[in-house]
2 protein chains.
Amino acid sequence: MPPDRRIQQPSLVRLAAEAIRDMVLSGDLRPGDRLVEERVTSELGISRPPLREALRVLEQEGLLVSLPRRGVIVTTLSPRDVYEIFTLRTTYEKMAIELGVPVRDPQLLGRVRLALGQMEDAAKSQDGAHFVRSSFEFHLSIVGLAGHRRLEDAYRGLSLQLRLYMAANTRARAEHNESLEANIERHRRLLAAVEKGDPEAVLAELANHGARTFLEEVTNQAQGPEAQQQGDDRRATLSDIRDHISR
Amino acid sequence: MPPDRRIQQPSLVRLAAEAIRDMVLSGDLRPGDRLVEERVTSELGISRPPLREALRVLEQEGLLVSLPRRGVIVTTLSPRDVYEIFTLRTTYEKMAIELGVPVRDPQLLGRVRLALGQMEDAAKSQDGAHFVRSSFEFHLSIVGLAGHRRLEDAYRGLSLQLRLYMAANTRARAEHNESLEANIERHRRLLAAVEKGDPEAVLAELANHGARTFLEEVTNQAQGPEAQQQGDDRRATLSDIRDHISR
DNA sequence: GCCTCCGGGATTGTAGACAATCTTCAATTG
DNA sequence: CAATTGAAGATTGTCTACAATCCCGGAGGC
């Protein structure tokens, strides 16, 4: 069976979802910001039906929250949320390493190396946004070694939420950007461990990997039973809307 | 903060999604079946925009696959897919046990006991569908012990796909239904291990848990590198549409 | 006889408009 | 003066209709 090369013009739903996703991840839209449908349609030059479908997609991805009869807002992440994202992400990576290392299909490694190369390029040209994207692609390609589509999809979705958090959080961004060279070096060691085919070594590298230290610190406060909020902490409150007027 | 008692009339999107989800899980719609929008709208008595939004939601849940310009069909699960669902599910359960056992909030146990009670009721009245639902709710409530919303959501989504598979697969259903009493007994032991607060014991119970044996058998053929299909095995082929006329 | 190339019908993709609901804010009342 | 109520504006939820695209069958040519 040849690879599926069918071309297909992307629907407005897909394009709109992509555009809004970029707005959110770039920090153009901040958590809590409300998205008024008519405003967005005029901005994107489309009508409301495809926009609403796109909003549903992004809601399922966890980037937006919809309040019935009240519109959608950009997801607000509590410390507890960050804790959840962090722990789940670690579990995914662990599973991926166990399934995917040592690597069976050498072609999969090409994707990892490519991402690392893009990280190096971005570091050279001091392109912070590109560096972050490449870094996520690197980790995603590591998870891809497992050849487990659902695992990769789930990991990708979680990464989106993590990027949402980083986009809104100056400190998280700074941490990720600081000492690009050291950051890249860690990724090199990770790749080396993967190439050596030693799962334990890879897991060890991941354990003390970059953003980890920072994230652990941030999320420590959210651990434990007492940190669990009473209400639905994913449903943004009304004040979240009031406080943020859509651009 | 008092519990959120806001009433809100469900939108047609939510209702439609629920209705179609039920059709899929009940086996009323079978994998590969095509969903023609206008036909479904007239059946549900709604118009196309809300229906399309509902379809997007179900697509994100993995129950439907959308082929651009060609409509939507019920997801067809390959052995590889079942393998993925099975492995991910195991990982989720393991993570949940590690985080949630011993149980901190006794109230969480009530949910588990309730589900077990419903399983017993269903067994008594020989209500197979109810038994399956209760069984899934039991496992979901076990995962809920972790107090990890994203984990529970992910697990719920995966369970939907597993139920899709079981709805279409006579053998899987039979396995699940056979010896209801023994099945319930396994769940009782699981609950007992949870109540004892011993994570290892719970994991051991899960390891040789019911459907496991069957699923492992089914999915063994899908493991290993050679089982990975070349193309996109989640994208149904054109013939899938031709072969199935919408009810 | 098989392949290619059209139309016709069916279906999806999108637009614009109406109805229902919510929020806001000012007027009223205690 | 604080609390409540009601009306106007804004926004979401839904519907009908039109445009674009695809599938399928038949006619024509090699």
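Structure first, text after, so check above.
First, a word on what this report is: a plain description of the structure on this page. (Residues numbered from 1 in each chain as written. Chains lettered and ligands numbered in written order. Predicted model: local features only at pLDDT ≥ 70, side-chain atom pairs only at ≥ 80, totals over all residues. Heavy atoms only, no water.)

Our next topic: the sheet that holds strand 2 (residues 64-67) of chain B. Pairing in this open sheet of three strands is antiparallel, and the strands run 1-3-2 (chain B) from one edge to the other. Where the open sheet ends on each side, the last strands, each with one partner, are strand 1 (34-35) and strand 2 of chain B. (Pairing = 2+ DSSP bridges. Helix = DSSP H or I, 4+ residues; strand = E, 2+ residues; numbered from the N terminus.)

Within the largest apolar cluster, 78 residues are counted, with the highest numbers of intra-cluster contacts made by Y92 and L151 of chain A together with L64, Y92 and L151 of chain B. If near-sequence neighbours (up to four positions away) are discounted, Y92 of chain B is found in contact with L88, Y92 and A154 of chain A together with L151, A154, Y155 and L158 of chain B. By size, the runner-up hydrophobic cluster in this structure holds 23 residues, among which are L109, A115, L116 and I142 of chain B. (Core = buried A, V, L, I, M, F, W, Y, C linked by side-chain atoms within 4.5 Å. Buried < 20%, exposed > 50% of the residue type's maximum accessible area, 1.4 Å probe, protein only. Contact = heavy atoms within 4.5 Å.)

This part takes up the protein's contact with DNA strand D. The full set close to DNA strand D counts 22 residues, and R48 and R52 of chain A together with L12, S47 and R70 of chain B are the nearest of them. Take the atoms of DNA strand D that sit within 4 Å of the protein: sugar and phosphate atoms are 70% of them. At 3.3 Å from a sugar or linking oxygen of DNA strand D is found a side-chain nitrogen or oxygen belonging to R34 of chain A. In the model, a phosphate oxygen of DNA strand D is placed 2.8 Å from a nitrogen or oxygen of the L12 of chain B main chain. For the surface near DNA strand D, the secondary-structure elements that each account for two or more residues are strand 1 (34-35), helix 2 (37-44) and helix 3 (48-61) of chain A together with helix 3 (48-61) and helix 12 (238-243) of chain B. Ranked by residues supplied to the surface near DNA strand D, first place goes to helix 3 of chain B with three residues. Split into classes, the residues belonging to the surface near DNA strand D amount to seven nonpolar, four polar and 11 charged. (Near = heavy atom within 4 Å. Polar contact = N/O pair within 3.5 Å; in protein donor to acceptor, adjacent residues only side chain to side chain. Nonpolar A, V, L, I, M, F, W, Y, C, P; charged D, E, K, R; others polar.)

Our next topic: the environment of R150 of chain A. You can see R150 of chain A is positioned in helix 7 (residues 149-168). With relative accessibility at 6%, the residue R150 of chain A sits in the buried group. Among the polar contacts made by the side chain of R150 of chain A, one reaches the side chain of D81 of chain B at a distance of 2.8 Å.

Moving on, we come to the pattern of salt bridges. Counting across every chain of the model gives 36 salt bridges over all chains. Of the charged contacts in the structure, one is a salt bridge between E185 of chain A and R188 of chain A, with a shortest N-O distance of 3.0 Å. With E185 of chain A and R188 of chain A both in helix 9 (residues 180-196) and three residues apart, this pair spans about one turn of that helix. We note a salt bridge from R80 of chain B to E84 of chain B, for which the minimum N-O separation is 3.8 Å. On the criterion of helical spacing, the pair formed by R80 of chain B and E84 of chain B is a turn pair, its members being four residues apart in helix 4 (residues 79-100). The two residues R80 of chain B and E84 of chain B agree in class, both being buried. Overlapping salt bridges bring together E37, R48, R52, R56 and E59 of chain A together with E53 of chain B as one network. (Salt bridge = Lys/Arg side-chain N within 4 Å of Asp/Glu carboxyl O.)

On to the protein's contact with DNA strand C, then. Contacts to DNA strand C come from 21 residues, most closely from L12, S47 and R70 of chain A together with R48 and R52 of chain B. In the interface set of DNA strand C, defined as its atoms within 4 Å of the protein, sugar plus phosphate atoms amount to 75%. The backbone of E37 of chain B places a nitrogen or oxygen atom 3.2 Å from a phosphate oxygen of DNA strand C. Per-element tally for the surface near DNA strand C: the top contributor is helix 3 of chain A, with three residues. Here the surface near DNA strand C is composed, by residue class, of seven nonpolar, four polar and 10 charged.

With that settled, consider the packing of helix 4 (residues 79-100) of chain A against helix 4 of chain B. Here helix 4 of chain A crosses helix 4 of chain B at 130 degrees, and the two axes come no closer than 11 Å. With respect to helix 4 of chain B, the axis of helix 4 of chain A lies oblique. Seen from above, helix 4 of chain A lies across helix 4 of chain B with right-handed handedness. Residues Y83, T87, L88, T91, Y92, K94, M95 and L99 of chain A of helix 4 of chain A touch helix 4 of chain B, and the partners they reach there are Y83, T87, L88, T91, Y92, K94, M95 and L99 of chain B. Looking at the contact of helix 4 of chain A with helix 4 of chain B residue by residue, the class counts come to 10 nonpolar, four polar and two charged. (Axes fitted to C-alpha atoms, helices over the stretch in contact; angles between N-to-C directions. Parallel < 35°, antiparallel > 145°, perpendicular 65-115°, else oblique. Left-handed = near helix turned anticlockwise from the far one by under 90°.)

A separate point is the packing of helix 1 (residues 12-25) of chain A against helix 2 of chain A. Residues and elements named next belong to chain A. Closest axis-to-axis distance for the helix 1/helix 2 pair is 12 Å, and the angle between their directions is 105 degrees. Taken together, the axis directions place helix 1 and helix 2 in an arrangement best described as roughly perpendicular. When helix 1 is examined against helix 2, the residues A16, A19, I20 and M23 are found in contact with a partner set consisting of V40, E43 and L44.

Moving on, we get to the sheet that holds strand 2 (residues 64-67) of chain A. Residue and element names in this part refer to chain A. Read across the sheet, three strands follow the order 1-3-2 without closing on themselves; strand pairing throughout is antiparallel. At either end of the open sheet lies a strand with only one pairing partner, and these are strand 1 and strand 2. By the bridge criterion, two bridges tie strand 1 to strand 3 (residues 71-74) in an arrangement that is antiparallel. Each bridged residue has a counterpart across the sheet, and for R34 the counterpart in strand 3 is I73.

P102 of chain A follows V101 of chain A through a cis peptide bond whose omega is 5 degrees. Despite not being glycine, R69 of chain A shows a phi value in the positive range, around 65 degrees.

Residues and elements named next belong to chain A. Taking 1.5 Å per residue as the helical rise, helix 3 with its 14 residues ought to reach 20 Å, and the 20 Å between its terminal C-alpha atoms agrees with that figure. Every buried residue of helix 3 is accounted for by P50, L51, E53, A54, L55, R56, V57, L58 and E61. At the C-terminal side of helix 3, G62 shows a positive phi close to 90 degrees. (Expected span 1.5 Å × (residues − 1).)

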